[in-house]
Amino acid sequence: LTGYITYDPGYKNTGATKSAITFLDGEEGILRHCGYSIEELADKASFLEVAYLLLHGELPTQAQLDAFEAAVQKYTVANQALLNIAQVIPTSTHPMSELSALVGLMEGQYSTDEKEDNILRLLAALPIFAAWNYKKSIGEGIVAPDQSLDYCSNFLKMMFAKPGEAYEVNSIVSKAMNKLLILHADHEQNCSTSTVRLIGSSHASLFSSISGGIMALFGPLHGGANQAVIEMLEEIKQAGGDTAKFIEMAKDKNSGFRLMGFGHRVYKNFDPRARIIKKAADDVLSALGVQDPILKIAQELEAAALSDEYFVARKLYPNVDFYSGIIYRALGIPTNMFTILFAIGRLPGWIAQHQEMMTNKEPIGRPRQIYVGATPRAFVDINKR
Ligand code: SDX
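From a predicted model like this one, the values you see are computed outputs, not experimental measurements.

Q: So what exactly am I meant to see when it comes to the pairing of strand 1 (residues 22-25) here?
A: Remark: a regular strand shows side chains that alternate across the two faces of the sheet. Of the two faces of strand 1, the one holding Thr22 and Leu24 is buried and the one holding Phe23 and Asp25 is not buried anywhere. Following strand 1, the chain reverses through 4 residues before pairing antiparallel with strand 2 (residues 30-33); Gly29 in that reversal takes a positive phi of roughly 70 degrees.

Q: Hey, could you run me through the pattern of salt bridges in this one?
A: Any two side chains of opposite charge can pair, on the condition that their charged atoms come close. Scanning the entire structure with this criterion turns up 18 salt bridges. A salt bridge links Glu234 to Lys237; its shortest N-O distance comes to 3.6 Å. Pair noted here: Glu234 and Lys237 are both in helix 11 (residues 225-238), with a separation of 3 residues, about one helical turn. Overall, Lys237 belongs to the partly exposed group, its relative accessible area being 33%. One salt bridge connects Arg273 with Asp271, and the closest N-O pair in it is separated by 2.6 Å. A relative accessible area of 1% means that Asp271 is categorised as buried.

Q: Looking at this structure, I do not really get the site of the ligand. What am I missing?
A: Taken together, 24 residues surround the ligand, and among them His187, Arg258, His264, Arg273 and Arg346 come closest. Interatomic distance of 2.9 Å between a side-chain N/O atom of His222 and an oxygen atom of the ligand. Here an oxygen atom of the ligand sits 2.6 Å away from a polar atom, N or O, in the side chain of Arg273.

Q: I keep staring at the nonpolar core and nothing clicks. Help me out?
A: Buried together is how nonpolar side chains tend to be arranged in soluble globular proteins. Residues Leu122, Ile210, Leu233 and Leu259 are the most contacted members of the largest nonpolar core, which totals 111 residues. The element best represented in this core is helix 6 (residues 115-137), accounting for 13 residues. Beyond its immediate stretch of four places on either side in the chain, Leu122 contacts Val103, Met106, Leu206, Phe207, Ile210, Leu347 and Ile351.

Q: I'm lost on the state of the cysteines in this one. Help?
A: A covalent bond between the sulfur atoms of two cysteines is referred to as a disulfide. Taken as a whole and judged by the stated rule, the model has 0 disulfides. Free of any disulfide, Cys34 has its nearest cysteine sulfur in Cys152, 20 Å distant. Owing to a relative accessible area of 17%, Cys34 belongs among the buried residues under this scheme.

Q: Just to check I follow, could you spell out the packing of helix 2 (residues 47-56) against helix 17 (residues 338-359) for this structure?
A: Each packed pair of helices is defined by two parameters, the angle between the axes and the distance between the axes. Orientation of helix 2 relative to helix 17, taken along the N-to-C sense of each, is 20 degrees, at an axis distance of 8 Å. One way to sum up the angle between helix 2 and helix 17 is to call them roughly parallel. Once helix 2 is placed against helix 17, the crossing between them reads as right-handed. Facing helix 2, whose interface residues are Phe47, Ala51, Leu54 and Leu55, helix 17 presents Ile344, Gly345, Pro348, Gly349, Ile351 and Ala352. Residues of the contact of helix 2 with helix 17, tallied by class, amount to 8 nonpolar, 2 polar and no charged.

Q: Quick question: what am I supposed to make of the environment of Phe246 here?
A: Along the chain, Phe246 turns up in helix 12 (residues 243-251). The class of Phe246 is buried, set by a relative accessible area of 2%. Separated by 30 residues in sequence, Phe246 and Ile276 have C-alpha atoms that sit 25 Å apart. If sequence neighbours within four positions are ignored, Phe246 has contacts with Glu235, Ile236, Ala239 and Phe257.

About the thresholds
- Residues numbered from 1 in each chain as written.
- Predicted model: local features only at pLDDT ≥ 70, side-chain atom pairs only at ≥ 80, totals over all residues.
- Heavy atoms only, no water.
- Buried < 20%, exposed > 50% of the residue type's maximum accessible area, 1.4 Å probe, protein only.
- Helix = DSSP H or I, 4+ residues; strand = E, 2+ residues; numbered from the N terminus.
- Pairing = 2+ DSSP bridges.
- Salt bridge = Lys/Arg side-chain N within 4 Å of Asp/Glu carboxyl O.
- Near = heavy atom within 4 Å.
- Polar contact = N/O pair within 3.5 Å; in protein donor to acceptor, adjacent residues only side chain to side chain.
- Core = buried A, V, L, I, M, F, W, Y, C linked by side-chain atoms within 4.5 Å.
- Contact = heavy atoms within 4.5 Å.
- Disulfide = S-S within 2.5 Å.
- Axes fitted to C-alpha atoms, helices over the stretch in contact; angles between N-to-C directions.
- Parallel < 35°, antiparallel > 145°, perpendicular 65-115°, else oblique.
- Left-handed = near helix turned anticlockwise from the far one by under 90°.
- Nonpolar A, V, L, I, M, F, W, Y, C, P; charged D, E, K, R; others polar.

Here it is in structure tokens:
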């Protein structure tokens, strides 16, 4: 995968990460990958096309895309040693913990010198690991990858086909999956991407770096929010749809309750991905004929929050996680696997950011601190304390 994004590595490490991959404008709600708007990419590209863009800095020609897809498909095979391990991981383990463990164990299966192969192996492996986890959770046998299908269709087949039975991929579902994965592909120096870069900066392997990124994404304040949003909307539904009560709770610091899917470290305007996903939620649910009462609750909650001074004053808007779970549910993805879908989408971004850092020979990460602790003092014997 030549053509990594490079820039003058001579800059002094000012603490801010310099990257040529993703541009965000939090005030204006702008997101671009290598200059292309997220709106155009989500509407016109395939997920592997965006993955190629993130890894190379340029959209692929048809020949380059065909070769890239074929290369990922070549590695879309089950690793028996890892399957044996996956099958003995207890189902009480959260899918994200299992995913992180299996990715970390890839290091024992492949040579870390095979840099380009390992990128392809990772892109191929995450949907396989996710499908293994799902099949195990429902007590069904696994379905082998189908290398004749595109990336999203193969993932859906591995997830939802019955072993040994024919399976017809619903094009509405695979298109929705494609769009959702693109919308999660990269997001500048978020918590999990910074984790991948920091681990990678110690020259731990790409597998170890991605394994760490998965665990960072697992947190409910980060990627885990998509699962927390659905749990919150279900709770509101159980409470009779009383959105006003939950808005008041979210404003009360002592309640310990936050409006999951709202607010962002950078966006102090609408998250552009949330706008796209909100529209897609309407389109996908109506195309599939799915009536999900929590969609209406989400819309009411959003309207109530966006007209409430507390949220407006703090510039708290829906983020990428607010509506994504509603679509995942309509696609048949279980709630505890939503964050795995986020990880599958974010993987090319993590890899591209890791490669950019390695290509530019960045020093080992060492976040600075401001010391605010005790001034120097002499040791006191224990019998005098
Ligand atoms: C992702 O960084 C990325 O790019 C991440 C991500 C990506 O693609 O990688 O975009 C993905 O992680 C999206 C965020 C998903 N998380 C959630 O939806 C969880 C709920 N959101 C919050 O926990 C919070 O908004 C954060 C963590 C997302 C952002 O936290 P900030 O910017 O540090 O906000 P803050 O904690 O400084 O809060 C500022 C004020 C506080 O009130 P005051 O102290 O000023 O009175 O806003 C309040 C907060 O209490 N606040 C909320 C709130 N989020 C912030 N109040 C109620 N509900 C919320 N969701």
